[in-house]
Amino acid sequence: MCGIIGYVGPSDSTPILLACLKKLEYRGYDSSGVGVLDHHSHLIVRKSKGKIKNLEEVLKGEPLPFSNVGISHTRWATHGLPTDINAHPHVNNAGTIAVVHNGIIENYAPLREKLKKQGCYFVSQTDTEVIAHLISVLYKGDLKQAVQKAIAQLKGAFAIAVISKDHPDLMIAARVGSPLIIGLGDKENYIASDVPAILDRTRRVIYLKDGQMAVITMDKVDVFTFAGQKVTPKVDTVSFTVSAAQKEGYDHFMLKEIHEQPQGLANMLKNRLPSGKLNLEGLDVSDKVLASVKKITVIACGTAYHAGLVGKYIIEDLARLTTEVDTSSEFRYRNAIIDKHTLVVAVSQSGETADTLAAVREAKAKGAKIISICNVVGSSLARESDGVLYTHAGLEIGVASTKAYTAQLMMFYLLGIKLAQVRQTAKPARLKDLIKQLQRVPDHQKSLLEQKAAILKIAEANSHFGCFLYLGRNINYPTALEGALKLKEISYIPAEGYAAGEMKHGPIALIDEYRAVVCVAVQSHVYEKMISNIQEIRARKGNVIAVATQGDKDIAHHVDYVLTVPAIDELLTPLLAIIPLQLMAYYVAVKRGNDVDQPRNLAKSVTVE
Ligand code: F6R
């Protein structure tokens, strides 16, 4: 949600800010802006509604002067419409202080009223503008002190960057709840919402912690607590490569990330199952605790929630342990029954999802142990969990999550096997066989990706439908939910996922010749039931696209199109069945001319409630 970039160094800041900002556009893209300090102590701001290319057009017409210090922002609107005026940076009335912000200031309304009484006038509808005015009224010549006093009055989540014309050599950054990193260059320094934005400029980063602020000049970064105490920050060297942040010949990041799944899972299996023995390093929960835990509660949002739903089937089947799954936004407000005998598994690609973080804090307060399944190393969620199982799926840039999902699934299989081992709830031979079959998954996925021409054809033949239903049963009910989510978020076609057995209880009313129905009908103990559901759809003229197991000769008689996946243990089928659905969603969206990597209204990490 919103991306921030700042630069202090010997080069001209504007081109650097724009190049870095483009790499953050996945966080929000409804408006953008840049603010710089020139050599005559002027603070100059340019903004534009829409994507960064619109800002570039504005800058062509009104170029910015050379500047060594600048901040920029790409916005995902929370307070106020996506307009030029609401775009960041926001400035105080004297035009001397500029602020960019990611997050939500919850007490902005009373602050706004108070500041108005003090003579400030507001030009935007944003919550951010109060920060600029607040710093301004508190400024007595020391910018750090003014920022420190201002943030003491802010409630909510924020990552901010501040510059002032009175301090032409520095910028100030601060964070609570929203991510912010500092990139350390050679006589130049950066701030950014995320590492990829600055990856081709530096690998040395400081992950600013909640409650910390930094004063950044060309050759110095000083980090303080909000109370003003100086701290020595840890400097990390980022290991992922620049290529991870580039499309490498693919038309979209989403397509690239779909193709990265076999390798990602192969790497994970290599690390987690060296010589076939399970290594859940990072779990940090003893076997004794795992054996005695009474219940598992999974909390997550969106695609990660769907991975959690698959996790429920895995854990209940293998470990015979009650597993409930809740969306973080519901969990945090429902007074859930959680105690020290509950193991909470929080799932998040980014590790920065505000609702998941709040749900984790709620569960912790009730005494639960928290383990997280997380992709981004060092994220807030990882830091707040008792144990972390990193998926190491690599950087995911496409807004629609793909490779993070299958990595989360794989981690649930490994966790399920671990729980079954310590609780002795599954025969060792069964677990051994599952491990053997898991190791074949990357090759199976590769073979599925080789069928993409066939999937493209089916996608194009069905892209005109105005409504899709996705049906699945048992462990592939979540596959149906995830398939529907993928389609709706990038194609904007209404798509609903349902447990196939629920169809007769309502959704069947939707079926006619104008609906496409995607049925996950792989070989399993509910296969016959799925076939009956398919017959019911066909009897009502629905168009059926089935995901079936290779070698199923019968299915073609019942459906219009078949997408096949290799045969595998029924428990593992979600790892394969989702691949054709990801590709189908992608091709439908491309056919419709949509911006696949930046679908409307969405942002990659949802760092606001
Ligand atoms: C959908 C998607 C979102 C995320 C959700 C949680 O493709 O990407 O639904 O899964 O916002 O994000 P994380 O996993 O970062 O907590």
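Residues numbered from 1 in each chain as written. Predicted model: local features only at pLDDT ≥ 70, side-chain atom pairs only at ≥ 80, totals over all residues. Heavy atoms only, no water.

1. Here's the deal with the pattern of salt bridges
What counts is decided by this rule: By salt bridge we mean one thing: a side-chain nitrogen of Lys or Arg within 4 Å of a carboxyl oxygen of Asp or Glu. Secondary structure counts use DSSP, requiring at least four H or I residues in a row for a helix and at least two E residues in a row for a strand, with both numbered from the N terminus.
Per the stated rule, a full pass over the model turns up 29 salt bridges. Arg 361 is paired through a salt bridge with Glu 384; the nearest N and O atoms lie 2.6 Å apart. With Arg 361 in helix H11 (residues 354–365) and Glu 384 in helix H12 (residues 380–384), this residue pair connects regions lying 23 residues apart in the sequence. Close ionic contact of Lys 366 with Glu 362 constitutes a salt bridge, the shortest N to O distance being 3.6 Å. Among the charged side chains, a network of salt bridges with common partners joins Glu 248, Lys 256, Glu 260 and Lys 403.

2. A few points about a nonpolar patch on the surface
Here is the rule: A residue counts toward a patch only above 30% relative accessible area and without a salt bridge, and it is joined to like-charged neighbours within 9 Å or, for Val, Leu, Ile, Met, Phe, Trp and Tyr, to nonpolar neighbours within 5 Å. Here the accessible surface of atoms and residues is derived via Shrake-Rupley with a 1.4 Å probe, and residues count as covered only by protein chains that are part of the display.
Taken together, Ile 85, Tyr 121 and Val 123 make up a surface patch of nonpolar side chains, about 320 Å² in accessible area. With respect to the secondary-structure elements, Val 123 resides in the loop between helix H3 (108–117) and helix H4 (129–138).

3. Focus on the site of the ligand
Our working definition: Distances are taken per atom, and a residue is near a molecule or strand as soon as one of its heavy atoms is within 4 Å of it. Polar contacts, as counted here, are pairs of nitrogen or oxygen atoms within 3.5 Å of one another; within protein the pair requires one atom able to donate a hydrogen and one able to accept it, and residues that are adjacent in sequence qualify only if both atoms are side-chain atoms. All domain edges in this entry derive from an automatic or database-based domain assignment.
The immediate surroundings of the ligand are formed by 15 residues, with Ser 348, Gln 349, Ser 350, Thr 353 and Glu 489 found nearest. In the environment of the ligand, an oxygen atom lies 3.0 Å from a nitrogen or oxygen atom belonging to the side chain of Lys 486. A total of 410 Å² of accessible area belongs to the ligand in isolation, and the protein chains cover 90% of it. Going through the elements one at a time, helix H9 (302–319) and helix H17 (477–491) are the ones with two or more residues in the shell around the ligand. Each of domain 2 (247–439) and domain 3 (446–595) contributes no fewer than three residues to the shell around the ligand.

4. Notes on the side chain of Lys 486
In plain terms, the rule: Two residues qualify as a contact provided that any one of their heavy atoms is within 4.5 Å of a heavy atom in the partner residue.
Summarising the element assignment, Lys 486 is placed in helix H17. With residues near it in sequence (within four places) discarded, Lys 486 still touches Met 254, Thr 303, Ala 400, Ser 401, Thr 402 and Ala 585.

5. So, the sheet that holds strand E16 (residues 295–300)
In a beta sheet, neighbouring strands pair by backbone hydrogen bonds and run either parallel or antiparallel. So the rule is basically this: When DSSP finds at least two bridges between two strands, those strands are taken to pair. Here, axes are lines fitted to C-alpha atoms. For helices the fit covers the stretch in contact, and angles between N-to-C directions go from 0 to 180 degrees.
The strand order across the open sheet built from 5 strands is E17-E16-E18-E19-E20, with neighbouring strands paired in parallel fashion. Sheet topology places strand E17 (323–327) and strand E20 (387–390) at the edges, where each strand pairs with a single neighbour. Neighbour to neighbour, the strand axes of the sheet diverge by 20° on average, direction disregarded. Taken strand by strand, helix H13 (residues 403–423) contacts E16, strand E18 (342–348), strand E19 (369–374) and E20, and its axis lies near 160° from that of E18.

6. A word on the packing of helix H1 (residues 13–22) against helix H2 (residues 52–61)
Cut-off, in case you're wondering: Roughly parallel covers angles under 35 degrees, roughly antiparallel covers those over 145, roughly perpendicular covers 65 to 115, and oblique covers all other angles. Crossings are sorted by hand: turned counterclockwise from the far helix by less than a right angle, the near helix makes the crossing left-handed, and turned clockwise it makes it right-handed. All amino acids are sorted into three groups, where Ala, Val, Leu, Ile, Met, Phe, Trp, Tyr, Cys and Pro are nonpolar, Asp, Glu, Lys and Arg are charged, and the leftover types, Gly among them, are polar.
Two numbers describe how H1 lies on H2: the axes approach to 11 Å, and their chain directions differ by 165°. As summarised for this structure, H1 and H2 are arranged roughly antiparallel, according to the angle between their axes. When you trace H1 past H2, the crossing you get is left-handed. The residues of H2 that touch H1, namely those facing Thr 14, Leu 18, Leu 21 and Lys 22, are Ile 52, Leu 55, Glu 56 and Leu 59. Looking at the contact of H1 with H2 residue by residue, the class counts come to 5 nonpolar, 1 polar and 2 charged.

7. Describing helix H15 (residues 441–449)
Under the convention used in this document: Only protein chains enter the accessibility calculation, which uses a 1.4 Å probe. A residue is then buried if its area is under 20% of the maximum for its type, exposed if over 50%, and partly exposed in between. The arc in question is the one spanned by the directions pointing from the helix axis to the C-beta atoms.
By the burial criterion, the buried members of H15 are Val 441, Pro 442, His 444, Gln 445, Leu 448 and Leu 449. Viewed end-on, H15 has its buried residues packed into an arc of 160°, placing them on one side of the element.

8. Describing the packing of aromatic side chains
For the record, the criterion: Note on aromatic pairs: the rings of Phe, Tyr and Trp (six-membered ring only in Trp) are paired at centre separations within 6.5 Å, and the planes decide the class, stacked below 30 degrees, edge-to-face beyond 60, tilted for the rest. Definition used: whenever NZ (Lys) or CZ (Arg) falls within 6 Å of the ring centre and also within 35 degrees of the ring normal, the charge is taken to sit over that ring.
Under the defined criterion, the tally for this structure stands at 5 aromatic pairs. Ring geometry for Phe 465 against Phe 468: centres 6.3 Å apart, planes inclined by 90°, an arrangement best described as edge-to-face. Looking at Phe 465, the relative accessible area reads 7%, which means it is buried. Overall, the relative accessible area of 1% leaves Phe 468 in the buried class. Among the aromatic residues, those joined into a ring-pair cluster are Phe 465, Phe 468 and Tyr 470. Above the plane of the ring of Phe 224 lies Lys 144, whose end atom (NZ or CZ) is 4.0 Å from the centre.

9. Digging into the nonpolar core
Stated formally: In these notes, a set of buried Ala, Val, Leu, Ile, Met, Phe, Trp, Tyr and Cys residues joined through side-chain atoms within 4.5 Å is what counts as a nonpolar core.
Of all hydrophobic cores here, the largest spans 95 residues; its most connected members are Val 345, Tyr 413, Leu 438, Phe 468, Tyr 470 and Met 584. Contact partners of Val 345, with chain neighbours within four places excluded, come to Ile 296, Thr 297, Val 298, Ile 299, Ile 371, Ile 373, Phe 412 and Leu 415. Core analysis: the next-biggest nonpolar cluster, separate from the first, contains 30 residues, Tyr 7, Leu 24, Val 238 and Leu 395 among them.

10. Points about the state of the cysteines
Worth spelling out the cut-off: Two cysteine sulfurs form a disulfide in these notes if their separation is within 2.5 Å.
One pass over the structure, following the stated rule, counts 0 disulfides. Lacking any disulfide linkage, Cys 374 is separated from the closest cysteine sulfur, that of Cys 301, by 13 Å. In this model Cys 467 remains outside any disulfide bridge; the closest cysteine sulfur is found in Cys 519, 13 Å from its own.

11. Side note on unusual backbone geometry
Excluding glycine, a negative phi dihedral is what most residues carry, and trans is how most peptide bonds are arranged. A cis amide bond, omega 0°, links His 88 with the succeeding residue Pro 89. For Pro 89, the position within the fold is in the loop between strand E4 (67–75) and strand E5 (90–91). One non-glycine residue, Ser 275, lies in the positive phi region at around 45°. Take Ser 275: it is sitting in the loop between helix H7 (261–272) and helix H8 (287–292).

12. Some words on the pairing of strand E10 (residues 189–192)
Burial along E10 is two-sided: Asn 189 and Ile 191 facing one way and Tyr 190 and Ala 192 facing the other are all buried. When strand E1 (residues 3–8) meets E10, the two strands line up antiparallel, connected through 4 bridges. Counted as the bridge partner of Tyr 7 is Tyr 190 from E10. With 4 bridges connecting them, strand E9 (residues 181–184) and E10 associate as antiparallel partners. Across the sheet, residue Ile 181 finds its bridge partner in E10, namely Ala 192.

13. Digging into the sheet that holds E1
With antiparallel pairing, the 8 strands of this open sheet are ordered in space as E3-E2-E4-E1-E10-E9-E11-E15. On the outer flanks of this sheet lie strand E3 (43–49) and strand E15 (236–237), each paired with one strand and no other. Pairing geometry for strand E2 (residues 31–38) and E4, over 8 bridges, is antiparallel. Looking at the pairing, Gly 35 lines up with Ile 71 of E4. Where H1 meets the sheet, it contacts E1, E2, E4 and E10, and its direction lies at approximately 25° from that of E4. Against the sheet, H2 touches E2, E3 and E4, its axis set at about 130° to E3.

The values are spatial; any link to function lies outside them.
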